[in-house]
Every structure is written in C-alpha cells, then in structure tokens.
Amino acid sequence: MKAPPSFDFIRINKLNEFYENVDRYSSPLIISGGTVAVLMLKNRVIRPDVVIDISGIEELNVLKKDKEKNEVFIGSNIKLHELKSILPDDSASELILKAATTVGDIAIRSMGSVGGNVCLGDPGNDLPVALAAVGANAVVGSREGIRTVPVSECYVKPFKTVLKKGEILLGVSYKMLYGYRTSYNKFFINFLDHYVGIVAAIAKVEGISIKDMRMAVSGEAIGTTVKIDLAEFSKIDEINAIKDKLNKFVNERSMSDDRFGTVKFKKKVLLTLMFQAIDEVLKA
Amino acid sequence: MSERTEKFFMGKGSFVDDIQLPNMLYLEIVRSKKAHAKILEVKGGLTAKDIPLTLTSTGESYRMGRNYEVEPVFAKGKVLYYGQPVAAVYDKDKYKARDLVESVEIAYQELKPVLSIEESLSSSPIHENRKDNIVARFEIGKRFSPESEVKVSDELYMERVLPNPLETRGIVAYYNSGKLNVWISTQSVYSIKNGLSKILGLDPAEVNVFQADTGGAFGSKSAVYPEYVIACYLSMKTKQPVKWIESREEHISSTRPGRGAKAELQLYGNKKGKIEGIEGKIYVDVGAYADDLSSTSPSWIGYQITGPYLIENVYIEGYSVYTNKSPLGPYRGAGRPEAAFFIERMIDKFADQIGMDPVELRLKNLPERPFQSPTGLKVLPSKSFFEEGIKSINYSELKKRNVGVSFGILLPAVFGGESAKIKIDEGVVKVWLGGNAHWQRHELFVKRILKEILEVPEEKVVLMNGDTTELQKGIGTWGSRSAITAGNALYKAAMLLKEKAEKMNINSVEQLLNSDLSAEYYENMQLDPTMISFLLTAAVAEMRDGIKPVIEEVWAYYDVGEPLSEEAVYGQITGGLLMGVQEVLSEALIYDSKGKPLPETMAATGIAYSINAPKYHVKIKTFGRSNTPHGAKGVGEAGTVGAPPAAARAVEKLLNKRVNKLPLDFDLLA
Amino acid sequence: MRIRLNINGKDYESDVEPRTLLVDFIRDVAGLKGTHIGCETGSCGACMVLLDGKPVKSCLMLAAQAEGKKIVTVEGLSEGGKLNAVQKSLSQKKALQCGFCAAGFSIMGTWILENEQDTDYERVKSDLAGVVCRCSGYEPIINAIVEAAKNERKD
C-alpha cells in the first residue's frame with residue numbers, strides 16, 4: 001500500500017501568513033492542487049515536516065490583465081481546467097491554452113494548478129514549454145520581495161528548479177501577442193507513460209517576412225525545457241536553413257540510449273515534431 | 001438491467017477490500033529490492049524463520065509430478081527476484097502497517113542477476129542445487145529432414161505482460177472456532193482451498209473459501225501466492241482477522257506476468273505456397289521459480305504451433321528456463337497467443353519471400369479433412385469458415401491499406417471439467433458454478449440456460465459468488481473454458497432438477513419457485529476438436545503525427561459455437577482485441593539492467609486507455625456446435641490470440657520493416 | 001487533526017492523521033465503499049469523485065484539502081435507489097464486466113452529460129481518457145454514455 005509518511009498540515013489563506021509560517025519548518029512542501037505532490041508523498045520520495053496548502057490564498061487565485069503593459073499574470077492557484085474560460089484571446093494565451101488542455105486527463109486538469117505544473121520540473125510537463133516559447137516570466141515571491149525569472153531559465157535539471165526554500169511561485173506573466181500562429185505537438189508513449197518530445201512554437205508572418213518566431217522543446221529526449229533562438233530568420237523561404245539550425249541543435253544536444261529509447265529514435269522524434277511545428281507556424 | 005452492476009452503483013459491492021471485520025489486522029509485505037542477492041541478515045518482521053513453508057502448484061497449473069524449484073513463502077537464504085517477499089509486518093492501523101515496512105532492515109550481498117533467456121542459458125544456475133538454469137526440456141512432433149525449395153528463418157519474441165486487472169489481488173483471512181475462513185478475489189475458490197490446506201497442513205474440511213466480488217483477473221488470480229499463506233498463518237497465530245491488499249507497485253513486481261517467450265523457427269515450403277514443415281526451438285522465461293503451468297509452457301505452445309493449418313512435419317524443442325525475475329503465470333491466452341504469434345509471423349514472412357498474398361497462402365494450407373498434427377493436436381477443416389470471413393471483412397479492399405490478417409484457433413482448457421449447483425431458496429434460483437465468475441457475463445448464460453430448461457424468468461436467477469461451503473467440488477475460471485464446462489455442468493444440473501420436479505408433480509414455474517429443490521452436477525471433460533473455435537482477425541495500421549504508428553481499425557470474425565449470449569460474447573471479444581493490439585504497440589513488463597521492473601505505475605506498464613481503442617468490427621459466427629448439450633465454444637481469450645499477429649503485420653506493412661519482437665521496438669521508427 | 005467533509009450532502013467528521021488520503025476518508029471514515037482504489041497513482045480513475053462538481057481522483061488528494069468543498073461519490077449519483085441516466089444506460093447495455101470501474105465511469109459519464117456540449121462518440125472517448133477498463137475494450141462503455149446523453153437531450 002502507498003501511504004504518505006506523517007507530517008503536519010497547515011492551510012494558509014494569506015500570503016504574509018505563508019512567509020511567517022514557512023520559516024518555522026525545515027522541509028515544507030507547498031501544495032495547491034495536490035496530484036503529483038501527493039503522489040511523491042505516497043512514494044515517500046519526499047518527507048516534508050509540513051504540508052502547506054496554499055489553495056486558499058486568494059491573491060494567487062487571480063488572472064490579471066494589465067492593458068497598459070499589455071501583460072497577463074496567471075496566479076499559481078488557477079486550476080488548469082479554468083484557463084479555457086479566463087485566458088484572453090491573444091496568440092500567446094492561445095499557445096498556453098493548447099498546452100494546458102493536453103495535461104493528463106480531465107480529472108488531473110480539474111485538480112492540477114498552474115503553479116504545480118510550472119514548479120515540478122518534470123520534463124513531461126506542458127505549461128513550461130508553452131510559457132518558455134512565449135517568453136513568459138515566473139513571478140517568485142519571498143519575504144524579501146518579488147523577483148522574476150524567465151520560465152526558460154527556471155529548470156536546472158529534471159525535477160530541479162531555481163526556486164529556493166522560502167520562495168513561492170506567485171504565478172507567471174507574459175506579454176500578449178497578436179496575429180501569431182501557434183503550434184503545440186508532443187509524442188507520447190504509453191509504456192513508461194512518458195512524452196519523448198514536446199514542441200511549442202509561435203510565429204508572426206507578414207507576407208514572406210517572419211516578424212517574430214520562437215520555439216521551446218522539452219520531453220524525456222531532452223530532459224528539461226529549452227528555448228531555441230530563431231530570431232536570425234526573417235523570411236519564410238529560409239525554411240531549409242531553419243530546419244538546418246534545428247538539426248544542428250538536436251545533434252549537438254548530449255543524449256544517451258536509455259529506457260526512453262535510443263539517441264537515434266529521440267532525435268528523430270524531436271526533429272519530426274520541430275519540423276511539424278515550423279511548417280504549421282510558417283504556412284500561409 | 002444487470003442487478004450486479006446496479007449493486008456497484010449503489011456502493012453495495014463486496015470486493016475484498018470492502019470487507020471490514022472487528023479487530024482486523026493489516027498485513028504489509030517487505031519485499032526484496034534486489035533481483036539476485038544473498039540475504040545476510042533480516043532484522044524485524046515475520047520471516048522464513050517463522051513461516052518456513054513452500055507453495056504448491058494449484059489452480060490453472062495443477063498437473064503434478066515435475067521436478068522444478070517451487071517458490072517459498074518467504075525468501076530463504078537468497079532472494080531470486082525483485083519484489084520477492086522477505087518479511088512481513090502488521091498493525092491494526094493500515095498506515096502504521098505501511099510505516100512498519102521501513103522498520104525492517106535487510107542486509108544483502110548482491111549477485112549478478114540473470115535477466116534474459118540468452119543469459120539464462122549461458123549463466124551458472126541461480127538455484128545452486130541444479131546443474132543449469134533449464135527447468136524442463138521437451139520434444140514436440142518428430143524429427144524430419146527438410147528437402148524444401150524455400151526455407152524461412154526468424155527469431156521471434158513476445159515480452160512479458162502483466163495481467164493488471166483493475167482490482168489488484170487481496171485476501172481477508174480469519175481463523176475462528178477451528179475453521180480457517182478466507183474471503184478472496186479469485187478465479188477459483190477451489191484452487192485457493194486446496195492450495196492453502198496443503199501448504200498449511202490443514203484438513204480441507206477446516207478451510208472455507210468465499211469469493212469476494214472479483215474485479216478482473218486475466219490469469220493473475222488462479223494460483224496461491226505467498227501473501228495468502230502469510231495472511232492465514234498470521235490469523236491462525238493471532239486469532240484475529242487479517243487483511244492484505246496488494247498495491248499496484250506490488251502487482252508490477254510480484255504478481256505473475258505472462259508471455260516472455262522466444263522462438264527460433266524455420267518454416268519450409270514450396271514456391272507455390274505449400275507449407276511443408278516447421279522446426280525450431282521455443283524458450284519460455286519462467287522467472288525465479290516454476291509451477292506446472294510455467295514449466296510446461298513451451299510444450300503447450302509447441303502443441304498448438306500448427307494452428308488451423310495442415311503442416312505434416314513438425315519438430316520443436318522446448319525449454320523453460322529460470323531467470324531472476326518474478327515467477328511466470330498465465331496471462332489471458334496463456335500459450336495460445338504465443339503459438340499464434342510465432343506461426344502467423346512465420347507465414348507472413350514466407351508469403352513475402354515467395355511473393356504471394358499472405359491470405360491466399362493461408363487459405364491454401366487449411367486441411368480439407370480432419371487433421372492430426374504431428375504434435376497431437378486435432379483440428380477440423382475450416383476452409384469455408386475462413387473463406388467466408390475473408391469475404392465478410394472485404395479483404396480485397398482492405399488489401400489496399402496497411403493490413404495484417406491472422407488465422408487462429410482457440411483451444412479451451414476444458415481439462416478437469418466443472419461443477420454447478422442450483423438451489424431454490426425463497427422464490428429465488430441461486431446458482432453456484434465451480435468456475436466462479438469474475439465477471440465475464442457468466443450470469444447471462446446462466447440465466448439463458450435456466451430459462452431454456454426450467455423456464456424460470458431471468459430476474460429470478462441469481463449467480464452467486466464462489467463458495468466452497470455451498471459447492472464442495474469445482475475447478476476454476478480460466479482458459480476460455482467456462483461457457484463449455486460450467487455451461488455443461490449447469491445444463492445437466494438443471495436437467496436433474498427438472499427430473500426431481502417432475503417426480504414431485506411440480507408442473508408450473510410458480511410451484512417450482514416455491515419449492516426448496518436443489519441439484520448439483522460435476523463432470524470431467526476432455527478436449528474434443530468440436531470445441532476448438534476458429535478466429536479470423538484483421539488490423540489496419542496508420543501513421544499519426546508523421547511518426548507514431550497506431551492500429552486504426554480491427555476486424556474479428558470469430559466462431560464461438562452456439563453463443564450463449566451475443567451481448568456477453570461481444571464485450572469479451574473487444575476487450576481481448578484491445579489487449580492484443582496494445583501488446584504489439586506498448587504493453588509490457590520490462591526490467592532495468594539490475595532486474596528492477598521499469599514501470600512504476602499502472603499507466604507506465606503501457607496499458608490501453610479509451611483513446612487507444614481502435615474501431616472494432618466484430619462478427620460472431622457459429623461454425624458448428626461443440627460436442628456439449630448447449631453447443632458453446634470458448635471466447636474469453638479469442639482477441640488476445642488473434643490480434644497480436646494481425647496488428648504486428650499491419651505495423652510491419654506500415655513501416656516496411658520486419659516486426660518480430662513485441663512490444664514494437666521504437667527504434668524501428670528512427 | 002479534526003476533519004469535516006461534506007459527502008453526498010452529509011457531514012462526516014473525524015479525528016484523523018493529516019496524511020489521510022481523501023479516498024481513505026471516503027472509504028474508511030464515511031464507510032462509502034463504492035469508491036475504489038485501483039492503482040494508487042492516478043492512472044486508473046477507480047477512485048474518481050466529484051469535488052465541487054469537478055471530477056477528481058481521490059487517491060491523489062489529502063482529505064484535509066477537501067474541507068469546505070462538496071464531494072459527491074458514486075453512491076451520491078443515484079437518488080432514492082434510482083440510478084441516474086448514465087448508470088441506467090451502463091447497466092441496461094451491460095457495458096461493464098468486472099464492475100470495479102463502476103465509480104470511475106459513472107462519475108465521468110455524469111460529468112460529461114452535465115458539462116459537455118458535444119457528446120458524440122469521439123468526444124466521449126477522449127473525455128474518458130483517465131479511466132481504465134481492462135475488460136471491455138472501452139467501446140461498450142463509450143456507446144452507453146453516448147446513448148445516455150442522447151436520451152437526456154430528447155427529454
């Protein structure tokens with residue numbers, strides 16, 4: 001039987017209460033939805049002395065649109081299934097929504113929060129890839145104040161993020177983008193229940209000029225979320241050069257043959273997904 | 001309406017974990033974290049010192065008299081597979097019992113694990129008392145000297161697969177007033193009763209076994225396992241009820257998986273497509289310990305290697321071998337899918353080699369008259385069945401797509417026969433079958449048979465869970481046997497009851513329902529060629545997202561004899577087909593280089609979800625009745641026999657690369 | 001810690017450890033055995049319940065997380081011994097075999113009927129992606145839910 005080890009449980013309803021409480025414990029676990037965190041407890045791979053339920057913090061349960069800054073802030077406590085009805089209709093949000101609607105199944109999306117999906121650092125998580133592609137920032141709070149980190153720089157290695165003890169992910173923020181095409185593709189294998197590759201891309205094309213194009217990848221093949229810089233390309237007829245660059249990117253990644261497949265297979269999957277994404281965002 | 005289903009919706013089911021008794025203790029097993037190691041010391045918990053017992057072969061595998069290594073209840077001296085029980089702990093609180101697992105300390109000295117059939121053949125024995133890792137060797141058929149124009153060679157492998165019923169295994173044992181009472185999720189209360197009484201040295205009259213509602217089994221709930229013995233022992237010691245419920249993690253590491261079979265085959269024939277002979281070797285990886293079923297598995301696969309075909313020359317050497325993996329058990333099909341996969345994949349290769357349509361080649365090799373294979377298998381002619389089937393699935397159109405077709409047979413495990421009891425109790429007709437349901441729709445055929453013979457309305461008939469106190473003798477539910485064997489016993493029990501009623505001048509159903517008549521019947525049975533069903537399966541593969549092969553559609557044109565209920569048969573067929581397809585694409589139990597299972601969750605074992613289901617086209621046919629009063633044939637394992645070779649061929653066509661290993665090696669996509 | 005949960009409209013209060021899982025509270029404290037434990041890792045959906053109207057897997061939540069919310073278990077779907085539309089359809093069409101999945105499919109099916117605009121075969125098939133059936137190959141279950149939705153629309 002799987003049962004969590006013993007711990008204290010506290011529910012926090014105010015952000016300042018969180019900062020006051022979190023320092024009193026040596027190994028706190030912060031949960032909003034549960035799901036993966038509860039599973040890790042049941043597997044006893046984490047043994048926190050306290051579980052802090054932040055789902056009641058209303059400040060983190062908001063979606064804010066700042067029209068002046070053209071910016072969206074999604075609070076950590078927002079559930080994945082809620083995004084559909086609250087996100088604005090710009091292209092960046094569209095890509096984020098595409099990612100959010102493919103997380104797990106309906107029940108997991110009802111339980112899982114935006115914060116959880118961003119904080120875990122599992123290479124199979126969806127939101128980080130889309131957020132990295134649109135250039136979103138993680139908004140991190142602590143007693144000392146607030147800092148922002150680009151989502152693409154949040155992940156150190158699988159299950160390891162740049163968040164420190166005493167810090168809390170308040171949410172993510174990004175600039176709204178208009179008139180972009182988006183693409184979100186992933187390759188799932190039932191055995192070992194994993195994504196070999198996940199690719200998110202977004203581009204603005206006018207005639208034959210590429211005004212802006214961004215891409216991020218993740219999945220077990222690559223281990224963590226990585227942003228790929230494609231700013232040098234400005235014409236859609238450079239598609240072969242773009243693909244060459246992606247080819248080079250994939251071939252230069254260090255990968256190994258492991259339970260998730262051979263290097264040859266992983267590269268094939270990544271490139272297939274990337275080329276598909278490029279075709280989708282650049283097609284007329 | 002199905003009153004059984006309604007009960008589950010009302011939360012009134014009685015699965016084993018739902019059973020709550022006063023003063024109950026929760027048992028947890030401490031398992032080996034090594035695949036092969038010497039145990040230097042165990043601190044804490046119940047161990048082999050407390051329960052120095054060894055399992056016996058029971059259930060589906062009950063054929064005695066072989067020389068092999070049987071699993072001890074607790075590891076003694078050495079652990080031979082990851083997940084082997086080493087110690088046990090218990091508490092009246094189930095979370096505390098889980099905590100206690102961590103209090104047991106085990107010191108190991110690691111040994112190199114033997115993890116494949118190849119390693120098994122070349123490594124020193126994992127059981128020190130044996131000279132090698134071979135459990136048993138078999139010769140099937142007769143040696144022959146091939147003089148054929150065409151020789152087709154290949155090596156084929158089917159990976160281990162877990163049964164993974166939605167409900168894991170579990171037991172509640174309560175030793176009370178000199179009786180050991182056991183409630184269990186099982187395919188056979190008799191297998192459990194016989195096994196427990198033998199292992200614990202109890203008089204069978206002291207052991208009562210009651211079947212709890214059983215949430216699927218697929219082979220995993222026929223045998224006696226170490227945990228059952230430990231739970232009973234603990235209850236006998238404490239005089240308190242003891243509950244053990246398997247976690248999914250334990251199911252993955254320690255419940256017996258199926259398959260794990262390899263074949264090195266040569267098929268001989270002429271350029272016109274006539275198959276002239278088949279020879280080669282079949283190996284089965286039985287894991288760390290054996291039982292009758294696993295040790296004889298290569299011979300059972302070899303026995304049916306000729307499928308529905310006329311193949312005059314057959315010579316197969318079979319080997320069952322030990323490895324440092326969990327012991328092998330039956331998984332839906334148990335040897336039948338292996339045989340079908342091996343012969344059908346060879347036939348496709350033969351067709352490719354001589355440039356002939358694989359369906360045409362298959363039709364050409366069906367016997368015109370009853371045929372006895374050199375292996376001893378007797379099959380009836382089936383050409384008209386398969387020809388009709390090929391038309392029915394519109395093969396001439398399907399051929400334009402990436403289609404795979406398999407021809408197969410389904411041998412029901414009728415050996416041992418079966419029993420049934422009917423008891424009229426306060427206006428309700430209660431039925432017990434020796435092969436207890438779990439829940440393949442036995443109730444549908446039960447109602448139908450009783451309606452036919454006793455004319456009692458269906459809503460008055462209740463199929464009871466297995467119960468050794470009501471029906472003393474019985475066999476079990478496995479091997480596509482129930483419709484034939486339990487159906488036969490029930491049919492004859494109903495006839496007996498009818499006779500009794502006539503003698504007592506009971507002339508109306510109303511009078512019958514007011515009586516307290518009962519009847520019981522048991523009959524042994526032997527496999528008869530009329531009981532073998534024929535299976536035509538086709539599958540179409542397509543590429544999704546430019547890289548991922550999927551099985552889009554599946555056709556099943558299956559002979560089930562006289563179907564006892566089409567509704568019942570339909571769900572059995574689609575269920576089996578999906579399992580078969582998934583075995584090709586992703587479902588498997590694979591181990592890391594140290595012998596630890598790679599999957600950690602149920603999803604990770606690669607099982608199919610709704611989104612993986614292909615479109616099914618099922619046709620249920622009657623190609624002759626079986627030699628039983630009700631004419632039924634088997635069906636439970638039809639899909640797992642037919643689907644793998646058809647789906648493997650479809651993927652092979654799609655990728656234009658040979659598929660000889662399951663699950664699909666994803667490197668083929670690179 | 002003292003936990004009070006509202007399940008099927010009724011309050012259940014008990015002193016339990018903070019680590020108590022929601023599924024264990026439902027089964028062992030409230031004694032509602034229709035919610036099952038199949039996989040313990042969110043793979044199978046046998047433990048599915050509605051939490052404020054949303055389907056959740058009760059094996060992946062702590063009981064403490066569900067305080068103040070309305071929980072509906074499989075037992076709460078039927079009223080006065082009468083099955084709801086999805087359950088009736090699953091039962092009439094004999095879609096379930098072993099029955100261990102009864103909670104998962106009837107909770108998900110009920111949610112689909114109440115929340116989805118489209119209830120065609122493909123939509124239902126995709127919505128059921130988090131509930132495992134090892135017996136039926138899914139088709140009989142999908143058909144039963146599609147049928148139940150059709151009948152509801154007619155009414």
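This is a predicted model, so every value here is computed, not measured. (Residues numbered from 1 in each chain as written. Chains lettered and ligands numbered in written order. Predicted model: local features only at pLDDT ≥ 70, side-chain atom pairs only at ≥ 80, totals over all residues. Heavy atoms only, no water.)

Peer 1: Teacher, can you tell me more about the sheet that holds strand β5 (residues 105-110) of chain B here?
Peer 2: Neighbouring strands of a sheet are bound in pairs by backbone hydrogen bonds; such pairs are parallel or else antiparallel. All names here are of chain B. The 3 strands are arranged β3-β2-β5 in an open sheet whose pairing can be described as antiparallel. Every interior strand has two partners, whereas the edge strands, β3 (78-79) and β5, have only one. When strand β2 (residues 37-43) meets β3, the two strands line up antiparallel, connected through 2 bridges. For alanine 37, the partnering residue across the bridge sits in β3 and is valine 79. (Pairing = 2+ DSSP bridges. Helix = DSSP H or I, 4+ residues; strand = E, 2+ residues; numbered from the N terminus.)

Peer 1: I would appreciate a short explanation of the packing of aromatic side chains in the present structure.
Peer 2: Both the distance between ring centres and the angle between the ring planes are used here to describe each pair of aromatic rings. All names here are of chain B. Using the criterion set out here, one finds 24 aromatic pairs over all chains in the structure. Geometrically, the ring pair formed by phenylalanine 385 and phenylalanine 623 is tilted, given 5.3 Å between the ring centres and 50° between the ring planes. Highlighted residues: phenylalanine 385 in helix α11 (residues 383-392) and phenylalanine 623 in the loop between β24 (615-621) and α17 (638-655), separated in sequence by 238 residues. Here phenylalanine 623 falls in the partly exposed class, since its relative accessible area comes to 25%. Joined through ring pairs, the aromatic side chains of Tyr309, Phe385, Phe386, Phe407, Phe534, Tyr557 and Phe623 make up one cluster. Looking at arginine 256, its charged tip hangs above the ring of tyrosine 225, at a distance of 4.5 Å from the centre. The ring of tyrosine 522 is capped by lysine 473, whose NZ or CZ atom sits 4.4 Å from the centre of that ring. (Phe/Tyr/Trp six-rings, centres within 6.5 Å; stacked < 30°, edge-to-face > 60°. Buried < 20%, exposed > 50% of the residue type's maximum accessible area, 1.4 Å probe, protein only. Lys NZ or Arg CZ within 6 Å of the ring centre and 35° of its normal.)

Peer 1: Hey, could you run me through the interface of chain A and chain B in this one?
Peer 2: The figure often quoted for interface size is the accessible area lost as the parts come together. Facing 21 residues of chain A, the contacting portion of chain B comprises 32 residues. Carbon and sulfur atoms supply 58% of the area buried between chain A and chain B, which totals about 2,400 Å² over both sides. When the buried surface of chain A facing chain B is broken down by residue, A:Met1, A:Asn190 and A:Phe191 rank first, second and third, together holding 33% of it. Taken together, the connections running from chain A to chain B amount to 4 salt bridges. Its salt-bridge partner being B:Glu102, residue A:Arg44 comes within 3.1 Å of it at the nearest N-O pair. Between chain A and chain B we count 13 residue pairs in polar contact (both at pLDDT 80 or more) in total. (Contact = heavy atoms within 4.5 Å. Buried area = accessible area lost by both parts, 1.4 Å probe. Salt bridge = Lys/Arg side-chain N within 4 Å of Asp/Glu carboxyl O. Polar contact = N/O pair within 3.5 Å; in protein donor to acceptor, adjacent residues only side chain to side chain.)

Peer 1: It is not clear to me how the domain arrangement of chain B should be interpreted in this structure. Could you clarify?
Peer 2: Residue and element names in this part refer to chain B. Domain assignment breaks chain B into domain 1 (3-111 + 169-245), domain 2 (258-412 + 528-669) and domain 3 (418-523). If you average the C-alpha positions of domain 1 and of domain 3, the two centres end up 31 Å apart. With 21 residues of domain 1 in contact, the opposing surface of domain 3 contributes 21 residues. The junction of domain 1 with domain 3 conceals about 1,600 Å² of combined surface from both sides, 48% of it contributed by carbon and sulfur atoms. There are 0 salt bridges connecting domain 1 and domain 3. Elements supplying a minimum of two residues to the side of domain 1 that touches domain 3: α1 (3-9), α4 (189-200) and β10 (207-211). Tallying contributions element by element places β10 first for the side of domain 1 that touches domain 3, with 5 residues. Residue composition of the side of domain 1 that touches domain 3, by class: 7 nonpolar, 9 polar and 5 charged. (Domains from an automatic or database assignment. Nonpolar A, V, L, I, M, F, W, Y, C, P; charged D, E, K, R; others polar.)

Peer 1: Honestly, the pattern of salt bridges in this entry has me stumped. Any pointers?
Peer 2: Should the charged atoms of two oppositely charged side chains come close, the side chains can pair. Residue and element names in this part refer to chain B. In total, this model carries 78 salt bridges over all chains according to the counting rule given. Salt-bridge contacts for glutamate 637 lead to arginine 336; the nearest nitrogen and oxygen are separated by 3.4 Å. With glutamate 637 in the loop between β24 and α17 and arginine 336 in helix α9 (residues 336-354), the pair connects residues that are 301 residues apart, well separated along the chain. Given the relative accessible area of 6%, glutamate 637 is considered buried.

Peer 1: Which parts of the structure should I look at to understand the side chain of C:Lys125?
Peer 2: The topology assignment puts C:Lys125 in helix α4 (residues 121-127). No salt bridge forms around the buried C:Lys125; measuring N to O, its nearest opposite-charge neighbour C:Glu122 is 4.5 Å away. Filtering out sequence-adjacent residues up to four positions away, C:Lys125 remains in contact with B:Ser610, B:Ile611, B:Ala613 and C:Ile142. (Lys, Arg positive; Asp, Glu negative; His and termini not counted.)

Peer 1: So what exactly am I meant to see when it comes to the layout of surface pockets here?
Peer 2: Rolled over the atoms, a probe sized like a water molecule indicates the empty space that remains. All names here are of chain B. The volume enclosed by the second largest pocket comes to roughly 870 Å³. Glu159, Ile590, Lys661, Pro663 and Asp665 are the residues nearest the centre of the second largest pocket, which is lined by 36 residues in total. Mapped onto the lining of the second largest pocket, the elements with two or more residues apiece are α3 (117-122), β7 (150-161) and β25 (661-662). A total of 4 residues in the lining of the second largest pocket trace back to one element, the largest contributor, which is β7. Partitioned by chemical class, the residues of the lining of the second largest pocket number 16 nonpolar, 6 polar and 14 charged. (1 Å grid on protein atoms, 1.4 Å probe; cavity = no way out; pocket = protein on both sides within 12 Å on 5 of 7 lines; lining within 4 Å. Points joined across faces, edges and corners; volume = space filled by probe spheres on them.)

Peer 1: Help me out: how do you make sense of the nonpolar core in this one?
Peer 2: In globular proteins that are soluble, nonpolar side chains generally tend to be buried together. Of all hydrophobic cores here, the largest spans 197 residues; its most connected members are A:Phe187, A:Met215, A:Met274, B:Phe342, B:Ile551 and C:Leu90. Of the residues forming this core, the biggest block, 11 residues, is contributed by helix α9 (residues 263-282) of chain A. Setting aside its immediate chain neighbours within four residues, A:Met274 contacts A:Val199, A:Met215, A:Val217, A:Ile228, A:Leu246, A:Phe249 and A:Val250. Formed by 78 residues, the second largest nonpolar core is a distinct cluster that contains A:Leu131, A:Ala132, A:Val149 and C:Leu62. (Core = buried A, V, L, I, M, F, W, Y, C linked by side-chain atoms within 4.5 Å.)

Peer 1: Help me understand empty space enclosed by the protein, please; the structure alone is not making it clear to me.
Peer 2: Residue and element names in this part refer to chain B. By the definition in use, this model includes 12 cavities of 30 Å³ or more. Looking at the lining of the largest cavity, the elements with two or more residues in it are α13 (442-454), α14 (482-503) and α16 (566-585). Considering only residue class, the lining of the largest cavity consists of 18 nonpolar, 16 polar and 7 charged. Here the second largest cavity is characterised by a volume of approximately 240 Å³.

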